[in-house]
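An overview of the molecular structure
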Amino acid sequence: MLKIAICDDEPFMCGLLKEKIEEYLQKGSKEFKIFCYPNGESLPVFGDFDIVLLDVQMPGINGMELAKRLRENGNSCAVIFVTVLKEPVFDAFEVDAVDYLCKPVDEVRLKRALERAIRRIDVQKGKALLIHTMNRRQSVKLDSILYCEVFNRKILLHTKQGVIEYYSRLSDVENQLDKRFAKCHRSYLVNLDYLSECSKGQIILTNGERVPVSKTRWQSFMSQMLHYMKDGVEP
């Protein structure tokens, strides 16, 4: 079941987006449910939505602030901004937005944004990292991994459930990951879905943890981050 939230203080726009999304999704095989919210205060930031469409300019909590709160609470849903404003487009990268659509919404752009969001969701839910140790094999979903670290020939896999330690090389782990993971340091790989802030020298994740970014990796890391946030994960 694909769960979609639309948050816009204009009832007409909420209804129009709901109608257009229904028209598109009814042509496919996915089951879906769409929820409409009239303001940022009414949308539950702990909700298990797959896709959230946000108006930026709303009374009270605006869409950009709402997207930041979603990320801070560990919500990795696909965010699509829908607004009359053009200026905050670059801020959308900070919250890993799939797209930034300007009103009146072009149906072709909306369709492409939904396609990109659904593709990212399908890939994220399906992929896993296979860990081999002397005693067991373990499968770890990629969307549960915050970042990977190598220390004393051991891989420290920092997940939502805790840290998993095993012997391996970071290059071997990297080969099993997809484009949502970026190498920010020779000893670290970070999941871009959980990136909250980024500045030279460090990354702050949505759970508050900090990961170093080396000077030699800064440019390539920023390039990969911007590319991923524009196009998402490819199958």
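A brief report on the enclosed structure follows.

The rules behind the values
Residues numbered from 1 in each chain as written. Predicted model: local features only at pLDDT ≥ 70, side-chain atom pairs only at ≥ 80, totals over all residues. Heavy atoms only, no water. Salt bridge = Lys/Arg side-chain N within 4 Å of Asp/Glu carboxyl O. Helix = DSSP H or I, 4+ residues; strand = E, 2+ residues; numbered from the N terminus. Buried < 20%, exposed > 50% of the residue type's maximum accessible area, 1.4 Å probe, protein only. Polar contact = N/O pair within 3.5 Å; in protein donor to acceptor, adjacent residues only side chain to side chain. Contact = heavy atoms within 4.5 Å.

**Description of the pattern of salt bridges**
For the structure shown, the criterion picks out twelve salt bridges. Between Glu 107 and Lys 20 there is a salt bridge whose closest N-O contact spans 3.1 Å. One end of the pair, Glu 107, is in helix H3 (residues 107–126); the other, Lys 20, is in helix H1 (residues 11–25), with 87 residues separating them in the sequence. The exposure class of Lys 20 is partly exposed, given its relative accessible area of 21%. A salt bridge links Arg 109 to Asp 99; the nearest nitrogen and oxygen atoms lie 2.9 Å apart. With a gap of ten residues between them, Arg 109 in helix H3 and Asp 99 in strand S5 (residues 97–102) connect regions that are remote in the sequence. Residue Asp 99 is classed as buried on the basis of its relative accessible area of 12%. Three or more residues are tied together by salt bridges with common partners; here these are Asp 8, Glu 10, Asp 55 and Lys 103.

**Topic: the side chain of Thr 159**
Take Thr 159: it is sitting in strand S9 (residues 154–159). A relative accessible area of 9% means that Thr 159 is categorised as buried. A polar atom in the side chain of Thr 159 sits 3.1 Å from the backbone nitrogen of Gln 161. A distance of 2.7 Å separates a polar side-chain atom of Thr 159 from the backbone oxygen of Gly 162. If we skip the residues at most four places from it in the chain, Thr 159 touches Val 140, Ser 144, Ile 145, Leu 146 and Ile 164.

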